[in-house]
Every structure is written in C-alpha cells, then in structure tokens.
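For reference, the chains in residue letters:
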Amino acid sequence: MKKLELHWQILIGMIFGIIFGFLMTYPEWGPEFVQDWISPLGTIFVKLLKLIAIPLILASLVKGISDLQDISKFKNIGLRTIAIYILTTIIAISIGLVLVNIIKPGEGISEQTISQLTETYASDSGVTSKLEEASKQKESGPLQFLVDMVPDNAFRAVSDNSLMLQVIFFTIFLGISMLLIGEKAARPLKEFFDSLNEVVLKMVDLIMLTAPVAVFALLAGVVVTSGDPDLLYALLKYSGVVVLGLFLMIVFYCIIVSVFTGYNPFTFLSKMSPAQLLAFSTSSSAATLPVTMERVEEHIGVDKEVSSFVLPVGATINMDGTSLYQGVAAVFISQALGFDLTLGGQLTIIMTALLASIGSAAVPGAGMVMLVIVLESIGFPPDKLAIGLALIFAVDRPLDMLRTVVNVTGDAMVAMLVAKSVGKLGQPVEKNWDDHLDDIIHKDD
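No experiment lies behind these values; they were computed from the predicted model shown.

Draft legend 1. Seen up close, the packing of helix H1 (residues 6-24) against helix H13 (residues 265-282). For the pair H1 and H13, the least separation of the axes is 8 Å and the interaxial angle reads 30°. As the angle between them shows, H1 and H13 are arranged roughly parallel. With respect to the hand of their crossing, H1 and H13 are arranged in left-handed fashion. Within the contact between the two elements, H1 uses Leu6, His7, Ile10, Leu11 and Met14 and H13 uses Ser270, Ser273, Pro274, Leu277, Phe280 and Ser281. Per-class residue counts for the contact of H1 with H13 are seven nonpolar, four polar and no charged.

So this is what it looks like as structure tokens:
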C-alpha cells in the first residue's frame, strides 16, 4: 500500500483534531482533558521547530553567503528581496482596504453585540497586554528598528527566537567576513557550518514525522478554547472580508509564480502545502520557517544562496496576510464605532501597516499589537482602543492562523521570484529522513 504524502497526513490530522475538539467541548471535563493531555503534544512540536530555527538560519545563511563567488550577487539578492516584500505588502493592504470599503462589515454590527463583545473581552489580559506592548513600541524613535537589528551580544541574540533580525544581521556579517579572509582561512569554519546545515535539515525531517499527531493536538486545543460561538457568528461578515482578502492574495501569488517563473501554480501550492498547514496550525511564521526552507529548497528547487536569505528575512518582515488584516480590522472598527475615516486616514493605514510589519515579531498575536499602532496613527480615540480590540478579539486566533498561511506562501513566492531573477531556480533534490539509515544499520556487515 502506497504511503500517504505528508500534506495528506497533516490534513487528516487537522480534520480529526477539529472534530475531536468540537466533541470535547460538550462534556464538562472535555476542555480540561484536551488542555492537560492533548495540547502538550502540539506544544512540544512547536518548541522543536523553534529549537532548530536559529541554528538553521545560522548554518544555511553562512553556507549561502560563503558559497558565493561574487559578493555583488548578494547585494542583488538583498535589494530585490526587500523591494518585492515592500511591494507585495502594499498590494496586500490595498486589497484589504478595497474589500472592507465595498462590503462595509462594520455597519452591520448592532449596539447589543458591541456591548456584549466589550463586556467579554475589553478587560481580557490578551487585549490589555497588546495595548501595553503597542505603547512601548510607539514610544521608540523612528530609527529604533535599525538599532534593534544590531546585536550587542551575539550569544544572547541566538538564544532568543524573537531576535531573528539580529541573528540575520550577525550571520550576514559573519558570512561576508569569511569571504573577505579568503577560501583557505575560511575553509574550517565553512565546513563546520556546511555540516551543521545538513544535520539541522535532517532534524527537520525527523520532526516532521510527528507533524500529523502534532497538528491534531494543536487544532483540538484551539477549538476547545475558541470562546462563545454566538459572538463568533456575530463577526462572521468581518471574518469573511478578511478571508476573502487572504484568498485573493494566494491567487495573486499563484499568478506571479506562473507569469514570472513559469512554474505551475497548482504544483507550487501542492509542494508548499505541508508548510502552509503547519503555518495554519501554529500561527507562527518563525516556527514554520524550518519547514518552509526545506520545502522551497528540496521540493521546489530554489538554491540555498537565495532561500537562506530570503526566507528568514521574510519570516521577520514580510507580513502580507497580517498587513491585509490591519487594513480590514482598522476600517471595520472605525465603521462599527462610528469613527469617521477619511481617504488620508486610509493612506496613513497603508504606510503605518507597512512600517509596523517590518518590526513585528513572527509570533502568534503580533498582528493585534500592529493594529493598535495603526489605529493610533489615524487618530482613533485612545479611550476606545480597548473596545476596538475587543470587537475582533473573539475571531483573532482563527484569522491569525489563516493570515500566517498567506505570510508563509508569500515568503515562498518571493524566494522563487528572486531565485529566477538571478538564475538560481533549478531542479529540486528531495531528501528523506532515512536516506542513510541502511549505512548505520549495516555498518558492521
């Protein structure tokens, strides 16, 4: 019997996780059982992916840079990457604003629903913590994001997944310095990172063996903690606008992939589906990064020189799905609470959401912090910020899962586009976790 492909295994795990989660919401002991005995399996899986994210960035980016024969190629890759990420983010925000202005989901929210949502969520720790975090970010200077990119301690940077931009900065600095000291002097260090890269990629393969069980646990945990279904239904129109916008972004990516790389868009989605399903389950671009890199390199054929830079940077600054959500959510809240939003205000949303996405962490819930910054930039009344967040808090987690899928897909699309433009998109060479298993088993024969 032919073994099911990985994306089908993960999808089956997700479906069973959602069904099991719904069933466990009925018995009184169900949610506690899921939280105590099922959710930890998903938490361990996410921790394992985060465990190898920094070593993978270090090893693959050093390898990619040190393999370059001409350092000007790296400049070309870097400039094209940043330019495309900025362009796609602007397109994403614009799509969100167009949809929310046409459909006007905020005008259908009743005063009773607003009061109920405010009473339920305005004092929630999740809302208040996002307000506090946004306040800290707002107090920083305009060039603070550049200051935050430069680490003062490399070891501290690599020990914290939230400091990914610092790790990328240090790794690029290290890789370029290795090029400048000459091949002979750099060879021992290069061989170390080459070997580390192979080991970490093998760790990705081994972790992915548990992916179907892990997404079952993650989705079951999400379902049993999803909150009041009546409130979720009240926000169905708003959620529908966000989902439609995210779907249009996926269509946009497929068109770009087809037109500029000649790659079949359905094959592209099929190859990326394990990473997309994990992005949906974990709501974290950073946690999904090792799998995204493995799929793009080994299953699509993007050269490591490109993927090792484009994908880690994308996981940190490319938030197309999240930025689209910023536009929809900001206008939705303004519509629901009667705040007059001018054309200038909506242009401000585009600029602020773009800048906020660069400094946003690639972790669950970062979009809510960005949203506070966006709302403050358009002059939204400070005393109504908590109410505004409470309006959308009930559906934030499921929408966060969906927009993370778009973020990851966008990263892969940009990697293909940049690779094609520099002649680094070739035939993929797939590797399996047991490629060298026979060598170990029969070593003494």
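Further notes follow.
Draft legend 2. Geometry of the packing of aromatic side chains. The final tally for this structure, using the stated rule, is seven aromatic pairs. With a centroid separation of 5.4 Å and 40° between ring planes, the pair formed by phenylalanine 20 and phenylalanine 216 is classed as tilted. Within this pair, whereas phenylalanine 20 is found in helix H1, its partner phenylalanine 216 is found in helix H10 (residues 211-224), the two being separated by 196 residues in sequence. The class for phenylalanine 20 is partly exposed, based on a relative accessible area of 22%. A ring pair is formed by phenylalanine 192 and phenylalanine 193, whose centres lie 5.2 Å apart and whose planes are at 70°; its orientation type is edge-to-face. Given a relative accessible area of 48%, phenylalanine 192 falls into the partly exposed group. Note on phenylalanine 193: relative accessible area 7%, which makes it buried. Over the ring of tyrosine 325 we find arginine 403, and its NZ or CZ is 3.7 Å from the ring centre.

Draft legend 3. Fine view of the confidence of the model for the protein. In the predicted model, the protein carries a mean pLDDT of 87, and 93% of its residues have values of at least 70. Element-level pLDDT for the protein is lowest in helix H21 (residues 437-441), with a mean of 70, against a maximum mean of 95 in helix H12 (residues 236-261).

Draft legend 4. Spotlight on the side chain of serine 283. Within the secondary structure, serine 283 sits in the loop between H13 and helix H14 (285-300). Classification of serine 283 as buried rests on a relative accessible area of 2%. Within the local environment of serine 283, its side chain forms a polar contact with the side chain of arginine 397, the two groups lying 3.1 Å apart.

Draft legend 5. Structural view of the pattern of salt bridges. Under the counting rule described, the total for this entry stands at eight salt bridges. For lysine 190, the salt bridge goes to aspartate 194, with nearest N and O atoms at 3.0 Å. Here lysine 190 and its partner aspartate 194 are both found in helix H9 (residues 183-208), four residues apart, which amounts to about one turn of the helix. Here aspartate 194 falls in the buried class, since its relative accessible area comes to 18%. The salt bridge involving arginine 403 is made with aspartate 400; its shortest N-O contact spans 3.4 Å. Residue arginine 403 and its partner aspartate 400 are both found in helix H20 (residues 396-421); the two are separated by three residues, about one turn of the helix.

Draft legend 6. Examining the environment of lysine 304 more closely. Among the secondary structure elements, lysine 304 is positioned in helix H15 (residues 304-317). C-alpha separation for the pair lysine 304 and serine 60, spaced 244 residues apart in sequence, amounts to 7.0 Å. Each residue touching lysine 304, except ones within four places of it in the same chain, is listed here: Ser60, Lys63, Gly64, Asn197, Leu201 and Glu297. In terms of polar contacts, lysine 304 uses its side chain to reach the side chain of glutamate 297, at 2.8 Å.

Criteria and cut-off values
- Residues numbered from 1 in each chain as written.
- Predicted model: local features only at pLDDT ≥ 70, side-chain atom pairs only at ≥ 80, totals over all residues.
- Heavy atoms only, no water.
- Axes fitted to C-alpha atoms, helices over the stretch in contact; angles between N-to-C directions.
- Helix = DSSP H or I, 4+ residues; strand = E, 2+ residues; numbered from the N terminus.
- Parallel < 35°, antiparallel > 145°, perpendicular 65-115°, else oblique.
- Left-handed = near helix turned anticlockwise from the far one by under 90°.
- Contact = heavy atoms within 4.5 Å.
- Nonpolar A, V, L, I, M, F, W, Y, C, P; charged D, E, K, R; others polar.
- Phe/Tyr/Trp six-rings, centres within 6.5 Å; stacked < 30°, edge-to-face > 60°.
- Buried < 20%, exposed > 50% of the residue type's maximum accessible area, 1.4 Å probe, protein only.
- Lys NZ or Arg CZ within 6 Å of the ring centre and 35° of its normal.
- pLDDT = per-residue confidence, 0-100.
- Polar contact = N/O pair within 3.5 Å; in protein donor to acceptor, adjacent residues only side chain to side chain.
- Salt bridge = Lys/Arg side-chain N within 4 Å of Asp/Glu carboxyl O.

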